[in-house]
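# Secondary and tertiary structure notes
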Amino acid sequence: MSAEAVIQTRNLSKTYRDFWGRPKVKALNSLTLDVQPGEIFGLLGPNGSGKTTTLKLLLGLLFPSDGEVSVLGKPAHEVTKNERIGYLPEESYLYRFLNADETLDFYGKLFNMTAATRKQRRDELIEMVGLQHARRRQLKEYSKGMTRRIGLAQALINNPELVLLDEPTSGLDPLGTRDMKDLILKLKADGKTVVMSSHLLADVQDVCDRIAILYGGELKVVGNVKDLLESRDETQIMSSQLSPEAISEVESVLKKHGATVKSVSHPTSTLEDLFLRTVEESKARPGRRFAPGEAPGRV
Ligand SMILES: Nc1ncnc2c1ncn2[C@@H]1O[C@H](COP(=O)(O)OP(=O)(O)OP(=O)(O)O)[C@@H](O)[C@H]1O
């Protein structure tokens, strides 16, 4: 095992048992992986592939059936290490009748913070997650996006070194998703290690340095996102608009070098990019309408 990894699992397995102790579901089968300090690591996989089980094993909320797991240099079952971890569960269980200030104050007390530290941390976090306007509203009035934000603030109350996020963008609209992704990138910029589980692939691609894909509780793919997505046997050259004559000249040069042109087209952006540009443009110029087929320019 490498000494510096923030998370190390070796042949980690979990079988859920039924009431009688008989094996029911093999949720995780021999998972071996390392997460390095300062990286954003994505755990991907379809429903039921073992992502949440893995996060709960890291937190020591579940005991492995087999294998080893260490987090921040300690065995996962040592719950004192959780003081250095922030966890955003898939569903945050927050007190509906508290407001944002009271919620963070409550969790600050659980970490034995002084009143002055609690106030400072609360102000920093509320600003970071953009809830200043709603800090005195009860959480029962919060939208899904606002609930996710206060959940993240709560997970960060102890200024953790490692942040575990279970489906951080699920149920958020594209604006909320963009904000959450920016917050995750900010955590990395602040030197934290982030592990996030998701089945929303575009979100993972945008923020993660490395990913693991689980299927049926088994690790199928692990690696650097850019390396995994790069197709090394093809070359892409992007130029400004070319005339048909120029394109045929380029084709003949390529032929001379034994290569073939597979396609000539205009690059496309993503639907998320188009959506966000439309919202930005609508905010900036409320009266503006786009003709069918027209789109706001790239920012
Ligand atoms: N407490 C439990 N008892 C029995 N089986 C469980 C329990 N928790 C999870 N499982 C099963 O273990 C498998 C892995 O579940 P897990 O929640 O880890 O998957 P996941 O990848 O997080 O799924 P999702 O994307 O739906 O959140 C599934 O087959 C699930 O039904």
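Residues numbered from 1 in each chain as written. Predicted model: local features only at pLDDT ≥ 70, side-chain atom pairs only at ≥ 80, totals over all residues.

Per an unreviewed UniProt entry, the protein chain goes by Putative ABC transporter ATP-binding protein YxlF and derives from Caulifigura coniformis.

Strand order in the open sheet made by the four strands is β2-β1-β4-β5, with antiparallel pairing throughout. Edge positions in the sheet fall to β2 (23-35) and β5 (74-75), since each of these pairs with one other strand and no more. Pairing between strand β4 (residues 66-71) and β5: two bridges, direction antiparallel. Along β5, the bridge assignment pairs Ser 70 with Pro 75. (Pairing = 2+ DSSP bridges. Helix = DSSP H or I, 4+ residues; strand = E, 2+ residues; numbered from the N terminus.)

Strand order in the open sheet made by the six strands is β6-β7-β8-β3-β9-β10, with mixed pairing throughout. Only two strands of the sheet have a single partner each, and these edge strands are β6 (85-88) and β10 (218-224). The mean angle between the axes of side-by-side strands here comes to 15°, regardless of whether they run parallel or antiparallel. Alignment of strand β3 (residues 40-44) against strand β8 (residues 193-198), held across five bridges, turns out to be parallel. By the bridge assignment for β8, Phe 41 is matched with Val 195. Here helix α4 (residues 144-155) sits on the sheet and contacts β6 and β7 (162-166); the angle it forms with β6, its principal contact strand, is near 160°. Where helix α5 (residues 174-189) meets the sheet, it contacts β3, β7 and β8, and its direction lies at approximately 155° from that of β8. (Axes fitted to C-alpha atoms, helices over the stretch in contact; angles between N-to-C directions. Contact = placed C-beta atoms within 7 Å.)

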